[in-house]
Structure formats: structure tokens, C-alpha cells
Amino acid sequence: MDKNSYVSKNKKIPYRIIEGEAVLVDVDRGEVIHLNSVGAGIWDFIGEKTKIGDIANHICEKFDIENDAAAIDVLEFVSSLNEKGFVKIV
Amino acid sequence: MAEVLKIKIAGKSILLKSEQGDLPGYIRNLPADFQKKALPKSFKRKFEYLVLFQDASQMRFPKDNGLDSAIEIKNNSGRFDVLLKSKPEIKLGRIYPDKGKADFFVYGEQLNKNYFIPFLRNSFQFFIAQAGEFILHASAIVKNGEGTVFTGPSGAGKTTISNFYSKESVLSDEFIYLRKIKGEYFISAMPWRSQNLKTCRLAKIIFPKKSKELKIIKESPVAAICKIMPNILHMPKSFKISENILSFLIEATKKVPCYTMRFPKNDKFMEEI
């Protein structure tokens, strides 16, 4: 997975975004995940087929942070979502 | 001979029936709490349990006390099979949440009698979850007619807190039924483990945590939801039910304030809540 990879949300994950934070439910494992405002911003931006590089650009604009640092953090975060099955590479 | 028994749990009318013979004694003689109020003549059943007698001749049932944690509930295309974790070949029953119906299997008269109440409790949870309502591992106290719920993992301090209150003030020290009635949120104790079968308006939810100093912090709706959901009794493994519960909790946590309370083991917290 790199900044040119495309990801999509796993449609079997119930979630809600409220007041800028997100709650995701892993139904099979019975786990509940809390995403802070940046995590929720990333999750919200992921659609049917979203390029990881575009997510990083979006987060930089939204939270006024440097692109290089954001790209690494976004890639790490999306990889962890992928490992947990919340997103998949398309 | 068929036999039918009508009971109420937290205001919900429930029919228990057997089409093959008399109901086992442990069902017919459910604790008095279940049948405390006289049932109205026009009993309209909300949920229905069919008791089915199974061949027990080859059955080796583990000798235990029927703990909730010994039960596993598996989604089988919308029907939920209730199994024993230690012996998955033993089916305790089936739940059909959409229909408000469940089948409970009876192996002999006594073999799995300890599992009837856990089965009732867990299937009830599946039925009410259709409307996003749920049973929570929690203690609750009533003060001036309003309820405060304390929920968290084992050891967080739920029971420690309820021990500071008089018996009359404690709604429950283990299970609370949380529901919405006409836009307001209410809590009820459950009859299988309760001293006090009242229902009262829910004023706040507290997540206790033992600590050296008393500190109370308001939680955001999302943080509160993430702390409530892991304490739901047997959270059904179903996308639709999880969606229902999320929707319910979003409205509830907007209306009902939620706090994390770090507290030392003394009664100082009582002034704050």
C-alpha cells in the first residue's frame, strides 16, 4: 500500500460521525472504535474508490498541516484500518 | 397436553408455551418477580417462547451454573442459534429477532435448567434490540425519582458505588434495561437480578474508574457511545441490530449527559452526582 493505492470503506461496518468524531462498529468481533477528529476526517473522506494521496491532501487542507508528515500518518492510519478490515484496497 | 404461561418482563407481555407436554417445573415456577403484577385480561403477546423437548438419551451436559459467559450466539442467516461455548454441538435454542419468537430446547427435565434464565435474558436482548433498545451491564441508583447509570468493565467500580447507597435507592447492581418512551429515556431493572423493579427517567450515565482523587469529566457523544457499547449484554452480531443500537445511542447521548468519574473508595462522589 502506498500513496497511489485506492481504498474503499467496508460497507459492512456500521458507523456514525457526530461533532467531528466517529464511532465504528466491528460487528463480528464485537469491537467499537473511536476515531478523533483527524481519524473521522479520513474515514469520512473515503468513498467508493479513494486515492490515499488524495486523502492526505484533503487532511492537510482541512487541518492545516504539512503534506509530507500528513502523507506518512495517513498511510499508517489507512493501513491499520485495512488490517482491521474497516477498509479494503480496490 | 399443551401448556401456556403468560408473564411480563419490564412491561413486555411474554407467552411461554409447550405443544408437546407440560412446561418443565423450573419454567412454570419462574421467580415471583416475573409474575408480580396481575396480568390484564386482554393479554397481547409481544414475544413468544416455544419450549421444545429434545432427546436427552445421548446427551452429556456439562455440570455448571448457567453463566451468560458460557453461551455463544451465532448468526445463522438472520436466525440466531444459541450454543454452549464449551460444547457447541449442544444447542440451547434459536432466536428469531424479527418475529419476536424463540425456541428453547429442553433436554430431560433438569439437564439444562440453569440455562433457561440466561436464554430468556439474552433472547429478550435480541428482541428489544430490534428497536435499538438494550440491556446493559450496569448498576443504577435513583435519586429524587431520576436514575443515574454506572457502567464499565468488570472492576470499574459499579458495585462499589451501589454499595454506598441504601437498598431502596439501588435500582440494580448488574443489569439495566435502557429504552425510549415518548422522546424521553428510561431505565428499568430486570426481574432476574433485582431488588427493585421500578422504572425511572434516566438523568445521566457515568463511567466509573477507581482512582486516588475524585475527578468528573464530561464525555462527547462518540466517546460515551464507545464506552457504553462494550457493556451491552451479548451485543448481537448483526449489522442491522448494530445500526439500530447506534441510532438509539446517538439520540440518547445527545439528550442524556455522560461523564467519566475517577473516584477514590469513599463517599465523596455522592455529593457530586
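Residues numbered from 1 in each chain as written. Chains lettered and ligands numbered in written order. Predicted model: local features only at pLDDT ≥ 70, side-chain atom pairs only at ≥ 80, totals over all residues. Heavy atoms only, no water.

Engineer: An account of the interface of chain A and chain B is requested, with residue identities and associated values reported.
Structural biologist: Accessible area lost upon the coming together of the parts is a frequently used measure of interface size. Residue-level contacts link 17 residues of chain A with 18 residues of chain B. When the buried area of chain A at its contact with chain B is split by residue, Arg 16, Ile 18 and Val 27 of chain A rank highest and sum to 37% of it. Connecting chain A to chain B are one salt bridge. Across the pair Arg 16 of chain A and Glu 243 of chain B runs a salt bridge, and its minimum N-O distance is 2.9 Å. At the boundary of chain A with chain B, the tally comes to four residue pairs in polar contact (both at pLDDT 80 or more). Those elements that place two or more of their residues in the side of chain A that touches chain B are strand E2 (15-18), strand E3 (21-26) and strand E4 (31-35) of chain A. Considering each element in turn, the side of chain A that touches chain B owes the most residues, four residues, to E3 of chain A. Among the residues making up the side of chain A that touches chain B, the classes are represented as ten nonpolar, one polar and six charged. (Contact = heavy atoms within 4.5 Å. Buried area = accessible area lost by both parts, 1.4 Å probe. Salt bridge = Lys/Arg side-chain N within 4 Å of Asp/Glu carboxyl O. Polar contact = N/O pair within 3.5 Å; in protein donor to acceptor, adjacent residues only side chain to side chain. Helix = DSSP H or I, 4+ residues; strand = E, 2+ residues; numbered from the N terminus. Nonpolar A, V, L, I, M, F, W, Y, C, P; charged D, E, K, R; others polar.)

Engineer: Please set out the side chain of Arg 121 of chain B residue by residue, giving values where relevant.
Structural biologist: Residues and elements named next belong to chain B. On the secondary structure map, Arg 121 appears in helix H2 (residues 116-128). Take Arg 121: its relative accessible area is 8%, and that puts it in the buried class. Among residues more than four places away in sequence, those in contact with Arg 121 are Asp 68, Ile 135, Phe 175, Trp 192 and Leu 233. (Buried < 20%, exposed > 50% of the residue type's maximum accessible area, 1.4 Å probe, protein only.)

Engineer: Lay out unusual backbone geometry with the relevant residues and their values.
Structural biologist: Even without glycine at this site, Asp 64 of chain A takes up a positive phi of about 55°. Following the sequence through the fold, Asp 64 of chain A ends up in the loop between helix H2 (52-63) and helix H3 (67-83). Judged by its relative accessible area of 70%, Asp 64 of chain A falls in the exposed class. Of note in the backbone geometry, Lys 182 of chain B takes a positive phi value of approximately 50° without being a glycine. With respect to the element layout, Lys 182 of chain B can be found in the loop between strand E11 (175-181) and strand E12 (184-189).

Engineer: Could you give me a rundown of the sheet that holds strand E6 (residues 91-96) of chain B, with the residues and numbers involved?
Structural biologist: Residue and element names in this part refer to chain B. Across the sheet, seven strands lie side by side as E1-E2-E3-E7-E6-E5-E4; this open sheet has mixed pairing. In the strand order of this sheet, the two ends are held by strand E1 (3-9) and strand E4 (71-76), each with one partner. Across the sheet, the mean angle separating the axes of adjacent strands is 20° when strand polarity is ignored. Alignment of strand E3 (residues 47-54) against strand E7 (residues 101-107), held across seven bridges, turns out to be parallel. Considered in E7, the bridge of Phe 53 is made with Val 106. (Pairing = 2+ DSSP bridges. Axes fitted to C-alpha atoms, helices over the stretch in contact; angles between N-to-C directions.)

Engineer: Please give an account of the environment of Val 25 of chain A that cites residues and values.
Structural biologist: Residues and elements named next belong to chain A. Its location among the elements puts Val 25 in strand E3. Overall, the relative accessible area of 3% leaves Val 25 in the buried class. Between the C-alpha atom of Val 25 and that of Phe 86, which follows or precedes it by 61 residues, the distance is 9.1 Å.

Engineer: Give me the lowdown on the pairing of strand E1 (residues 6-9) of chain A, citing residues and values where you can.
Structural biologist: All names here are of chain A. Pairing of E1 with strand E5 (residues 50-51) involves two bridges; the strand directions are antiparallel. Paired with Val 7 across the strands is Thr 50, a residue of E5. Relative to strand E6 (residues 87-89), E1 runs antiparallel, the two sharing three bridges. In the strand pairing of E6, Lys 9 is matched with Val 87.

Engineer: Could you give an account of the domain arrangement of chain B, with specific residues and numbers?
Structural biologist: Residues and elements named next belong to chain B. Once the domains are mapped, chain B shows domain 1 (3-130) and domain 2 (134-272). Each of domain 1 and domain 2 has a C-alpha centre, and the two are 26 Å apart. Across the contact, 21 residues belong to domain 1 and 21 residues belong to domain 2. Each partner contributes to the roughly 1,900 Å² buried at the junction of domain 1 and domain 2, and carbon and sulfur atoms together form 63% of this total. The tally of links from domain 1 across to domain 2 stands at one salt bridge. (Domains from an automatic or database assignment.)

Engineer: Account for the pattern of salt bridges, naming residues and giving values.
Structural biologist: Residue and element names in this part refer to chain B. This model, assessed by the stated rule, comprises 14 salt bridges over all chains. Two residues, Arg 201 and Glu 184, come together in a salt bridge whose shortest N-O distance is 3.2 Å. Remark: Glu 184 occurs in strand E12 and Arg 201 occurs in strand E13 (residues 199-210); sequence separation between them is 17 residues. Using a relative accessible area of 32% as the deciding quantity, one classes Arg 201 as partly exposed. Residue Glu 184 is classed as partly exposed on the basis of its relative accessible area of 29%. In this structure, Lys 227 and Glu 219 form a salt bridge, with 2.9 Å as the shortest nitrogen-oxygen distance. Judged by its relative accessible area of 17%, Glu 219 is buried. Connected through salt bridges with shared partners, the residues Lys 17, Glu 19 and Glu 48 form a single ionic network.

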